[in-house]
Amino acid sequence: IPCLRRLDFGFGRKYQKLLNNYVANNRKMDFQFRTAADFEYYLSFFHAMKGKRKPFCYPECGALLDLEPGTPSSTTTFYPANQFLGRDYSGSRTHRNLFFQFWDGRWFARQINSFNVTLPPNSLGFTPALPQAITPERLERATWLTLNRFGTDEIDFKFVTSEIGEFDMNFNILQTAEVQ
């Protein structure tokens, strides 16, 4: 729902002014922890973010971006297999960063600075350059990196057994700032 402010001048109709055209995007995720260390990690991260006060970047787990087969390897351009990706996301205020994870365990976050949507293959240009080229043999996964905030100031943990626990958490996707 867009953010609206109601204006009342004391006479006649009330007008609504649209402050921005951003529609809130919320998601719910379920987490499990199997050890006391996992429990402490989740709890300390939640406290570090001060509940819903501090934003954080989080790679989208379910929105993997596949690499277009046969495209040239590059350190500054990603060629998605979905040919409509650039068209659909070029005006997005939330999906402006990419997360790359390579098979050697390294991962990188990059800000998109160009969407090439003219002719196939579509491409997403980013800066700064990666230390290694993006190839199907090296890239484990690529996904969107979104700016998020917890949706609540409270967290409820449920213990399934004496050692295994779970909780669910709501996130709000925010308009993207530069990834640091």
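Residues numbered from 1 in each chain as written. Predicted model: local features only at pLDDT ≥ 70, side-chain atom pairs only at ≥ 80, totals over all residues. Heavy atoms only, no water.

(A) Structural context of the pattern of salt bridges. The full count for this structure, using the stated rule, is three salt bridges. A salt bridge links K28 to D168, with the shortest nitrogen-to-oxygen separation between them at 3.2 Å. Of this pair, K28 sits in strand β3 (residues 25-33) while D168 is found in strand β11 (residues 165-173), placing the two residues 140 residues apart along the sequence. Classification of K28 as exposed rests on a relative accessible area of 54%. Residue D168 is classed as partly exposed on the basis of its relative accessible area of 30%. Here R106 ties to D104 by a salt bridge, and the two come within 3.1 Å at their closest N and O atoms. Given the relative accessible area of 48%, D104 is considered partly exposed. (Salt bridge = Lys/Arg side-chain N within 4 Å of Asp/Glu carboxyl O. Helix = DSSP H or I, 4+ residues; strand = E, 2+ residues; numbered from the N terminus. Buried < 20%, exposed > 50% of the residue type's maximum accessible area, 1.4 Å probe, protein only.)

(B) Quick look at the nonpolar core. Among the nonpolar cores identified, the biggest contains 17 residues, and F78, L98, F100, L124 and I134 are the most heavily contacted of them. For this core, the secondary structure elements donating two or more residues are β6 (97-102), β7 (107-116), β8 (123-127) and β9 (139-150). For I134, the residues in contact, after removing those within four places along its chain, are L67, S73, S74, T77, F78, F100, F102, F126 and L139. Membership of the second largest hydrophobic core comes to 14 residues, among which are F31, M49, F157 and F167. (Core = buried A, V, L, I, M, F, W, Y, C linked by side-chain atoms within 4.5 Å. Contact = heavy atoms within 4.5 Å.)

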